[in-house]
Amino acid sequence: ELKVEQNPLFLSMQEGKNYTIYCNYSTTSDRLYWYRQDPGKSLESLFVLLSNGAVKQEGRLMASLDTKARLSTLHITAAVHDLSATYFCAVDGKAAGNKLTFGGGTRVLVKP
Amino acid sequence: DTAVSQTPKYLVTQMGNDKSIKCEQNLGHDTMYWYKQDSKKFLKIMFSYNNKELIINETVPNRFSPKSPDKAHLNLHINSLELGDSAVYFCASSQEPWTPDTQYFGPGTRLTVL
């Protein structure tokens with residue numbers, strides 16, 4: 001059974017500093033996704049990573065994928081308060097039963 | 001202009017009751033999903049339909065029954081509600097299953113069983 005683990009589960013950030021969230025998965029997967037969820041809100045798609053070495057950036061967020069290590073990272077540059085949210089990674093693909101399996105989420109709180 | 005909508009947004013009910021949650025998407029997608037998010041924020045897929053055909057049916061109690069009257073709608077009916085059913089239920093849609101296609105999530109329905 002596919003397992004997706006994120007760490008840390010909670011991340012308290014200071015504004016202006018850089019941080020990384022890690023996402024490990026247990027079996028070969030074709031695709032890796034990052035989603036953001038604000039408190040009481042729905043999930044918003046951030047990135048889709050499709051191949052080894054893929055890197056995508058949007059604003060202060062950058063996601064990368066290492067399929068050999070079965071690891072994705074979400075890097076936050078110069079954190080700002082607006083980035084406070086819960087971040088989920090998810091994987092799918094044939095080996096994952098063609099269904100999206102989510103990590104447990106990383107709750108990010110950016111303090112001034 | 002909401003892409004994926006769900007009703008109701010909040011649902012509070014007594015144990016043993018039967019309730020339904022409705023989902024509609026106006027994105028023209030072929031595939032729709034139901035997810036359950038528990039109190040610890042853990043998200044797990046329950047069902048998926050592609051062109052009104054059930055393609056993913058996870059291990060959930062048979063008290064949960066999805067119904068897709070057409071490609072744009074996927075409803076979830078829950079019989080004999082139990083305390084453990086309390087959660088946020090998200091509907092989602094994507095163009096196709098089994099492709100690198102982002103899923104678009106609805107606003108969620110917070111179900112509280114008393």
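As a reminder, the structure under discussion sits directly above these lines.
Everything numeric here is computed off the predicted structure, so don't read it as measured data.

### Some thoughts on the overall build of chain A
- Of regular secondary structure, chain A possesses 0 helices and 11 strands.
- The C-alpha atoms of chain A give 13 Å as radius of gyration, which agrees with the globular expectation for 112 residues (13 Å, within 12%).
- Projected onto the principal axes, the alpha-carbon positions of chain A cover approximately 45 × 30 × 20 Å.
- Expressed as a percentage of the 112 residues in chain A, the buried residues total 46%.
- Taking all contacts inside chain A whose residues are at least 6 apart in sequence as the whole, residues at least 24 apart take part in 55%.
- Working note: accessible area of chain A is about 5,400 Å², and carbon and sulfur atoms make up 49% of it.
- Of note, chain A has its 13 positive side-chain charges centred 3 Å away from the centre of its 10 negative side-chain charges.

### Quick look at the interface of chain B and chain A
- Facing 18 residues of chain B, the contacting portion of chain A comprises 16 residues.
- Our count for the chain B to chain A interface comes out at 1 salt bridge.
- A salt bridge links A:Lys99 to B:Glu58, with the shortest nitrogen-to-oxygen separation between them at 2.8 Å.
- Taken together, the links from chain B to chain A amount to 5 residue pairs in polar contact (both at pLDDT 80 or more).
- Secondary-structure elements contributing two or more residues to the side of chain B that touches chain A are β4 (31–37) and β5 (43–50) of chain B.
- Grouping the amino acids of the side of chain B that touches chain A by side-chain chemistry returns 10 nonpolar, 5 polar and 3 charged.

### Examining the sheet that holds strand β1 (residues 4–7) of chain B
All names here are of chain B.
- The strand order across the open sheet built from 4 strands is β1-β3-β8-β7, with neighbouring strands paired in antiparallel fashion. On the outer flanks of this sheet lie β1 and β7 (64–70), each paired with one strand and no other. When strand polarity is set aside, the average angle formed by the axes of neighbouring strands in this sheet is 20 degrees.
- As paired elements, β1 and strand β3 (residues 19–25) share 4 bridges and run antiparallel to each other. In the sheet register, glutamine 6 faces β3, and the bridge partner there is cysteine 23.

### Topic: the pairing of strand β8 (residues 73–78) of chain B
Residue and element names in this part refer to chain B.
- Strand direction decides the pairing type here: β3 and β8, joined by 4 bridges, are antiparallel. Bridge pairing in β8 places lysine 19 opposite isoleucine 78.
- Where β7 and β8 come together, 5 bridges link them in antiparallel fashion. Bridge pairing links phenylalanine 64 to isoleucine 78 in β8.
- Linking β7 back to β8 in an antiparallel pair, the connection comprises 2 residues.

### Let's talk about the side chain of B:Thr102
- Its place among the elements puts B:Thr102 in the loop between β9 (87–94) and β10 (104–105).
- For B:Thr102, a relative accessible area of 13% puts it in the buried group.

### Regarding the nonpolar core
- Core analysis: the biggest nonpolar cluster contains 27 residues, and A:Met13, A:Ile21, A:Leu32, A:Trp34, A:Leu74 and A:Tyr87 have the highest contact counts within it.
- Elements represented by at least two residues in this core include exactly β2 (10–14), β3 (19–25), β4 (31–37), β5 (43–49), β7 (61–66), β8 (71–76), β9 (85–92) and β11 (106–111) of chain A.
- If near-sequence neighbours (up to four positions away) are discounted, A:Ile21 is found in contact with A:Gln6, A:Asn7, A:Leu11, A:Trp34, A:Ser72, A:Thr73, A:Leu74, A:Ile76, A:Tyr87, A:Thr106 and A:Val108.
- Counting 19 residues, the second largest nonpolar core, distinct from the first, contains B:Ile78, B:Ala87, B:Tyr89 and B:Val113.

Each value, and the rule that gives it
Residues numbered from 1 in each chain as written. Chains lettered and ligands numbered in written order. Predicted model: local features only at pLDDT ≥ 70, side-chain atom pairs only at ≥ 80, totals over all residues. Heavy atoms only, no water. Helix = DSSP H or I, 4+ residues; strand = E, 2+ residues; numbered from the N terminus. Rg over C-alpha atoms; globule rule 2.2 N^0.38 Å. Buried < 20%, exposed > 50% of the residue type's maximum accessible area, 1.4 Å probe, protein only. Contact = heavy atoms within 4.5 Å. Areas by Shrake-Rupley, 256 points an atom, 1.4 Å probe, with all protein chains shown as cover. Lys, Arg positive; Asp, Glu negative; His and termini not counted. Charge placed at Lys NZ, Arg CZ, Asp CG, Glu CD. Salt bridge = Lys/Arg side-chain N within 4 Å of Asp/Glu carboxyl O. Polar contact = N/O pair within 3.5 Å; in protein donor to acceptor, adjacent residues only side chain to side chain. Nonpolar A, V, L, I, M, F, W, Y, C, P; charged D, E, K, R; others polar. Pairing = 2+ DSSP bridges. Axes fitted to C-alpha atoms, helices over the stretch in contact; angles between N-to-C directions. Core = buried A, V, L, I, M, F, W, Y, C linked by side-chain atoms within 4.5 Å.

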